[in-house]
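If you want the building blocks of each chain, they are given just below.
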Amino acid sequence: MKDIIIKLGSKDSPVNLFFAFNLILVGILLLIFAIAQNRFFFFKNWATILYTSGIIIFVISTILAGIFPEDPKGYQETIKGKIYGIA
C-alpha cells in the first residue's frame, strides 16, 4: 500500500505476472488503436504523423516495461531493470 506503481512490476511483487500481462495487453491494444485511428484521418500532415508516432513510442515503452521486470529494492541493477526504468 505504501509503494508506488512501478514496484508492482518488480520480480518480488506478488502481482508481477498480472502486471506484466496487463502492460503487454494495453500496449497491443494501443497499437491497434493507433493504426486504426491513423486510417481514419482525412488529411495526413505533420500533426497526424506526430500524433501517431507519439502513441507508437508509448506502446513500445509499455510493452518493454511488461517484458522486462524491475529489479527489487536493495538488489544490484541489471540490464533488464535498466530497460524497465527507461521504458
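Use the structure listed above.
All values derive from a computational prediction rather than experimental measurement.

A. Fine view of a nonpolar patch on the surface. Together, F21, L25, I28, L29 and I32 make up a nonpolar patch on the protein surface, roughly 490 Å² of accessible area in all. By secondary structure assignment, the location of F21 is in helix α1 (residues 16–40).

B. Region of interest: the packing of α1 against helix α2 (residues 46–67). Between α1 and α2, the least distance of the axes is 8 Å, while the angle of their chain directions is 160°. By the angle class used here, α1 and α2 are roughly antiparallel. Between α1 and α2 the crossing geometry is left-handed. Contacts from A20, L23, I24, G27, I28, L30, L31, F33, A34, Q37 and N38 of α1 reach α2 at Y51, T52, I55, I56, F58, V59, T62, I63, A65, G66 and I67. For the contact of α1 with α2, the class distribution of residues is 16 nonpolar, six polar and no charged.

C. A look at α1. Its 25 residues give α1 an end-to-end C-alpha distance of 36 Å, which sits within 8% of 36 Å, the value for a rise of 1.5 Å per residue. Where the residues of α1 are buried, they touch α2 and α3 (79–86).

How each quantity is defined
- Residues numbered from 1 in each chain as written.
- Predicted model: local features only at pLDDT ≥ 70, side-chain atom pairs only at ≥ 80, totals over all residues.
- Heavy atoms only, no water.
- Patch = residues over 30% accessible without salt bridge, like charges linked within 9 Å, V, L, I, M, F, W, Y side chains within 5 Å.
- Areas by Shrake-Rupley, 256 points an atom, 1.4 Å probe, with all protein chains shown as cover.
- Salt bridge = Lys/Arg side-chain N within 4 Å of Asp/Glu carboxyl O.
- Helix = DSSP H or I, 4+ residues; strand = E, 2+ residues; numbered from the N terminus.
- Axes fitted to C-alpha atoms, helices over the stretch in contact; angles between N-to-C directions.
- Parallel < 35°, antiparallel > 145°, perpendicular 65-115°, else oblique.
- Left-handed = near helix turned anticlockwise from the far one by under 90°.
- Contact = heavy atoms within 4.5 Å.
- Nonpolar A, V, L, I, M, F, W, Y, C, P; charged D, E, K, R; others polar.
- Expected span 1.5 Å × (residues − 1).

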